[in-house]
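# Fold and geometry: a report
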Amino acid sequence: MMATPTLEDITELADRRSIASVMISMPTSPVASEVERLRLDYKNSVREAERQLEAAGVGTDARAAVRRNLDDLVEGDFWTHLAQGAVVFASPDFAREYRVRTAVPARVAVADRFDVGPVLRSIALARTGYVLAITEGSVRLASIAADTGPTEVPLELPADLGSVLEHAENDGGADRQRAKGAMGDKIELRKYCRIVQDAVTRAIDGREPRLVLAASNELATAYREANTYPRLLAEGIDSNPSSLSLQDLDTAAREVLVNDYERSLATWRETFGTRLNHGRASVDLQEIARAATVGAVEELLFDMADDTQGLIAEDGKVSDPPLTEASTFGIFDEIAMRVIRTGGTVHAVRRSDLPGSTGIAAMLRFEQEGANA
């Protein structure tokens, strides 16, 4: 089972070339009763991919190889651990599937390269993350998705984790164990939290979503001292997590994530306005596409719902798609990939969060020619 891809995964996908490159994205559901319908949707999408491959002049052997890969991808446990969306990629000699925690469009794209838009937007979406609830006797990690309820994430923790907070009551003279003080001494607390944070980091697996901490004051302090994860938010959940259900944690974590998102967006807007006045920001599509092509975009925000198709030339010029059946690509997605390849960052946001009316905005690494100071 594949998870949400990393930027490295997406870049690898975007760089692959084959005249028989197929991408199928489909909204899914973790509800078991939906599986049969989803299986039928997938079969229909595969048939549509075959039709497009034939229309594109792809040979019989290559089409058969793609079909085998598309069928193989959904064998095994594919239908047993669904999230909000599934995206599959297949060519004659390559196949990969991802399940993502954000909604994706129902789409089939066939071209000489993969359409990575659905998976790109799944990681660029800002308002998702994880919540970690930690007490003396319990550790829970849950994913917070944009369009579904919380999902508890298994953690690889030692079976005797609780013993870290215990010691012999009579200096080793009795077998009975108890926690030192109310929660164990600080050394034991830090050791306990270090073990937990190592397990959390492994479970999150390097994708660096935001993490919200729910813990008592004493444990929260110890966990933050032990923490090495760069996206642990400063704001946490103050309530004792032992009294909170998974749904309660989800609700509280969403509030923290929204607060962080709004603070980040407000800071971004202020910086953007200053840079715009000095020619180091833009909301002009053509200008941003050219800047992205030459590596001049530092940070890009674009409308998550805009899937306008088109072409971007090697020099960055944007044009309308040709009047043919061949697939083109989302203009914003292509610009975003050029930004990623040149070391910039990208965020898919609501159109209402963006300045201007073009659905795209960029902060630039240097002043553009012809910009007004």
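Anyway, here's the lowdown on the structure attached to this text. Counting of residues starts from 1 at the beginning of each chain's written sequence and follows it residue by residue. This being a predicted model, a pLDDT of at least 70 is required before a residue's local features are given, and a value of 80 or more before pairs of side-chain atoms are given or counted; all residues contribute to the totals for chains, interfaces and linings. Calculation of side-chain values draws on the structure's entire complement of heavy atoms; hydrogens and water are dropped beforehand.

## Section: the packing of helix α2 (residues 35-55) against helix α3 (residues 60-73)
The line we're drawing: For helices, the fitted axis covers only the stretch in contact; all axes are lines through C-alpha atoms, and the angles between them, taken along N-to-C directions, range from 0 to 180 degrees. A run of DSSP states H or I qualifies as a helix once it reaches four residues; a run of E qualifies as a strand once it reaches two. Both are numbered from the N-terminal end. When describing relative orientation, an angle under 35 degrees is termed roughly parallel and one over 145 degrees roughly antiparallel, while 65 to 115 degrees is termed roughly perpendicular and anything else oblique. Rotating anticlockwise by less than a right angle from the far helix to the near helix defines a left-handed crossing, while the corresponding clockwise rotation defines a right-handed one. Any two residues whose heavy atoms approach within 4.5 Å at even a single point are treated as in contact.
Packing of α2 against α3 brings their axes to within 11 Å, and their N-to-C directions diverge by 165°. Between α2 and α3, the interaxial angle falls into the category roughly antiparallel. Judged by the sense of rotation from one axis to the other, the crossing of α2 with α3 is right-handed. Where α2 approaches α3, its residues Y42, V46, E50, L53 and E54 are matched on the opposing element by R63, V66, R67 and L70.

## Digging into the packing of helix α1 (residues 7-15) against helix α9 (residues 331-341)
At a closest axis distance of 11 Å, the pairing of α1 and α9 adopts a crossing angle of 115°. Crossing angle aside, the handedness with which α1 passes α9 is left-handed. Every residue of α9 that contacts α1 at L7, I10, T11, A14 and D15 is listed here: M337, I340 and R341.

## What about the side chain of R275?
The line we're drawing: What qualifies as a polar contact is a pair of N or O atoms within 3.5 Å, subject to a donor-acceptor requirement within protein and to the restriction that residues adjacent in sequence count only when both atoms come from side chains.
Relative to the assigned elements, R275 resides in helix α7 (residues 246-277). A distance of 3.3 Å separates polar atoms of two side chains, one belonging to R275 and the other to E298. Apart from the residues within four sequence positions on either side, R275 is in contact with R280, A281, E298, M363 and L364.

## Some words on the sheet that holds strand β12 (residues 297-303)
Using the following cut-off: By this definition, two strands are paired if DSSP reports at least two bridges between them.
In space, the four strands of this open sheet follow the order β11-β17-β12-β16, with mixed pairing throughout. Each edge of the sheet is formed by a strand with only one pairing partner; in this case those strands are β11 (281-282) and β16 (345-349). Relative to β16, β12 is paired through five bridges, and the arrangement is parallel. Looking across to β16, one finds that F302 is bridged to A348. Against the sheet, helix α8 (residues 285-293) touches β11, β12 and β17 (360-364), its axis set at about 45° to β17. Sheet strands in contact with α9 are β12, β16 and β17, and its direction is about 155° off that of β12.

## Digging into the pairing of strand β3 (residues 94-100)
Let me state the cut-off plainly: The buried label applies to any residue whose accessible area, calculated with a 1.4 Å probe on protein chains only, is under 20% of its type's maximum; exposed applies above 50%, and partly exposed to all values in between.
Most of β3 sits out of view: six of its seven residues are buried. Bridge count for strand β2 (residues 85-91) against β3 is seven bridges, and the pairing is antiparallel. Within β3, the residue paired with G85 across the bridge is V100.

## What to know about the environment of G149
Secondary-structure assignment places G149 in the loop between β6 (139-144) and β7 (151-153). Sequence separation of G149 and D250 is 101 residues, and the distance between their C-alpha atoms is 7.4 Å. Discounting chain neighbours no more than four positions away, the residues touching G149 are S143 and D250.

## Side note on the environment of G162
Within the element layout of this structure, G162 appears in the loop between β7 and β8 (166-168). On the basis of relative accessibility, which here comes to 35%, the residue G162 falls in the partly exposed class. Taking C-alpha positions, G162 is 8.0 Å from Y192, a pair spaced 30 residues apart along the chain.

## Side note on the pattern of salt bridges
Here is the rule: A carboxyl oxygen of Asp or Glu within 4 Å of a side-chain nitrogen of Lys or Arg is what we treat as a salt bridge.
Inspection of every chain in the model, using the stated rule, returns 26 salt bridges. Across the salt bridge formed by D115 and R107, the nearest N and O atoms sit 2.9 Å from each other. Of the two residues, D115 and R107, both sit in the buried class. Its salt-bridge partner being D303, residue R351 comes within 2.9 Å of it at the nearest N-O pair.

## Regarding the sheet that holds strand β5 (residues 129-134)
Read from one edge to the other, the open sheet built from four strands follows the order β7-β6-β5-β10, with strand pairing classed as mixed. Every other strand in the sheet has two partners, leaving β7 and β10 (210-214) as the edge strands with one partner each. Shown here is a sheet whose adjacent strand axes are inclined to one another by a mean of 30°, direction ignored. Bridge count between β5 and β10: five bridges; the pairing is parallel. What sits directly across from G129, in β10, is R210. Against the sheet, helix α5 (residues 186-204) contacts β5, β6, β7 and β10, and its axis sits at roughly 155° relative to β5.

## Brief notes about α2
Inclusion rule: Multiplying 1.5 Å by the helix residue count minus one yields the expected span of that helix. In this context, the arc is that of the directions from the helix axis out to the C-beta atoms.
With 21 residues, α2 should reach 30 Å at 1.5 Å per residue; the first-to-last C-alpha distance of 30 Å fits that figure. Inspection of α2 places V35, L38, Y42, S45, V46, A49, Q52 and L53 among the buried residues, and these make up the whole buried set. An end-on view of α2 places all buried positions within 125° of arc, on one side of the element. In α2, the exposed positions that point more than 90 degrees away from the buried face belong to E36, K43, E54 and A55.

## Quick word on the side chain of R99
Along the chain, R99 turns up in strand β3. For R99, a relative accessible area of 5% corresponds to the buried category. A distance of 3.5 Å separates the side chain of R99 from the backbone oxygen of D77, its partner in a polar contact. Of the polar contacts made by the side chain of R99, one reaches the backbone oxygen of F78; its length is 2.8 Å.

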